[in-house]
Amino acid sequence: MSSLTLSDEKFKQIRDLIYEESGMYFANTKKYLLENRLSKRLEEVQLSSFDEYYYLLKYSAKRKEELSRLFDQVTINETSFFRDMPQLQAFEKEVIPEILKRKDRGGQELRIWSAGCSSGQEPYTLAMILKELMETKAFKFVPEIMANDISGAMILEAERGVYMDYYLRNTPDYYKSKYFTHKGETYIISDAIKLMVKFSIMNLLDEEKVGTMKNIDVIFCRNVLIYFAEEAKKKLIETFYEALKPGGYLFIGHSESLHSISRAFKLMLFPNAIVYKKE
Ligand SMILES: C[S@@+](CC[C@H](N)C(=O)[O-])C[C@H]1O[C@@H](n2cnc3c(N)ncnc32)[C@H](O)[C@@H]1O
């Protein structure tokens, strides 16, 4: 029986396959991480070598399904509610008011996209912020929030909307008591917020699916690019540029940058937050 050791050669083949399919890139230093995570999956599908597993991923009739399971295993889903407050303040106090001012001249839609939304904390945070603005009568129509992730397991969690208190560590008490029900060690997001977000499984490199995302006012794609190789980053940023309306905004992670990736956007500087604008 073959051992469950991932050879360098097989590591590179699986790494390249993951890259081609998702844009995520595992550097050589991540070999053991991949070996560890995939070993579990091999046991589940009762295969005894990475050679067989690679065959399953590459050639079998079930390859698409297995790739989805693989993404569930290898994606890094770290997130929280109200992650990076300065960016959220720029969204609430600068970006949305500026967009609404333009909308006064017509148009009753506000389309927000959380790309790589993990288990839903980011789009639900945006929904809470927008709900508050609606209550202060900043606008009356209901915004559309589309949220997607490559991991089906994460989308299921998001739709469930039940969270351990760890994920609310940055959440102001006001929002905690207004939009969650506290039950034991968990917090359940309110239906009013749940209804504002439409979740779906989407691979951001799937041109056909991503091509359906049009006329977007604001895109949040934070802490996703960081796992992508250069070419995939460029492709994704071009996609976002196409998806945005003129005057639309792109938020990426605090530690990410479009430097050497794209010159198409205008850099907007807000207190402790950089936002990219399509002019
Ligand atoms: C670290 S989480 C970031 C979550 C959230 N945006 C935040 O900043 O808190 C990165 C997410 O990107 C997703 N992801 C990675 N590659 C993707 C791809 N090609 N298409 C869609 N989602 C992807 C992962 O599944 C993961 O849930």
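Residues numbered from 1 in each chain as written. Predicted model: local features only at pLDDT ≥ 70, side-chain atom pairs only at ≥ 80, totals over all residues.

### Examining the nonpolar core
Then comes step 1: Counting residues in each nonpolar core, the largest one holds 70 residues, and the members touching the most others are Ala-127, Ile-145, Ile-219, Cys-221, Phe-240, Leu-250 and Phe-251.
Then comes step 2: Looking at this core, you find at least three residues from each of domain 1 (8–74) and domain 2 (85–277). (Core = buried A, V, L, I, M, F, W, Y, C linked by C-beta atoms within 7 Å. Buried ≥ 20, exposed ≤ 12 C-beta atoms within 10 Å, placed from the backbone. Domains from an automatic or database assignment.)

### A look at the domain arrangement of the protein chain
Then comes step 1: We note that the domain assignment places domain 1 (8–74) and domain 2 (85–277) within the protein chain.
Then comes step 2: Computed over C-alpha atoms only, the centres of domain 1 and domain 2 are separated by 29 Å.
Then comes step 3: Facing 8 residues of domain 1, the contacting portion of domain 2 comprises 12 residues.
Then comes step 4: If you list the elements that add at least two residues to the side of domain 1 that touches domain 2, you get helix H1 (8–22) and helix H4 (63–74).
Then comes step 5: When residues in the side of domain 1 that touches domain 2 are grouped by element, the largest group, 3 residues, is from H4.
Then comes step 6: Among the residues making up the side of domain 1 that touches domain 2, the classes are represented as 4 nonpolar, 3 polar and 1 charged. (Contact = placed C-beta atoms within 7 Å. Helix = DSSP H or I, 4+ residues; strand = E, 2+ residues; numbered from the N terminus. Nonpolar A, V, L, I, M, F, W, Y, C, P; charged D, E, K, R; others polar.)

### Section: the sheet that holds strand S4 (residues 180–183)
Then comes step 1: If you walk across this open sheet you meet the 3 strands as S3-S5-S4, and the pairing is antiparallel. A strand with exactly one partner marks an edge of an open sheet, and here the two such strands are strand S3 (162–164) and S4. Going from strand to strand, the sheet's axes swing by 30 degrees on average, the running direction of each strand aside.
Then comes step 2: Across 4 bridges, the pairing between S4 and strand S5 (residues 186–189) is antiparallel. Bridge assignment links His-182 to a residue of S5, and that residue is Tyr-187. (Pairing = 2+ DSSP bridges. Axes fitted to C-alpha atoms, helices over the stretch in contact; angles between N-to-C directions.)

### A closer look at the site of the ligand
Then comes step 1: Residues in contact with the ligand amount to 25 residues; listed here are only the nearest, Thr-75, Thr-79, Gly-116, Ile-150 and Leu-204.
Then comes step 2: Split into classes, the residues belonging to the shell around the ligand amount to 10 nonpolar, 10 polar and 5 charged.
Then comes step 3: Lining the shell around the ligand are residues from two domains, each supplying at least three of them: domain 1 (8–74) and domain 2 (85–277). (Near = placed C-beta within 6 Å.)

### Let's talk about the sheet that holds strand S2 (residues 144–149)
Then comes step 1: What the 7 strands build is an open sheet, ordered S6-S2-S1-S7-S8-S10-S9; its pairing is mixed. Strands with a single pairing partner mark the edges of an open sheet, and in this sheet they are strand S6 (197–201) and strand S9 (266–270). Going across the sheet, the axis of each strand differs from the next one's by a mean of 20 degrees, ignoring polarity.
Then comes step 2: With 5 bridges connecting them, S9 and strand S10 (residues 273–277) associate as antiparallel partners. Residue pairing across strands places Leu-269 opposite Ile-274, the latter belonging to S10.
Then comes step 3: The sheet strands contacting helix H5 (residues 85–103) are strand S7 (216–221), strand S8 (244–252), S9 and S10, and the helix crosses S10 at an angle near 35 degrees.

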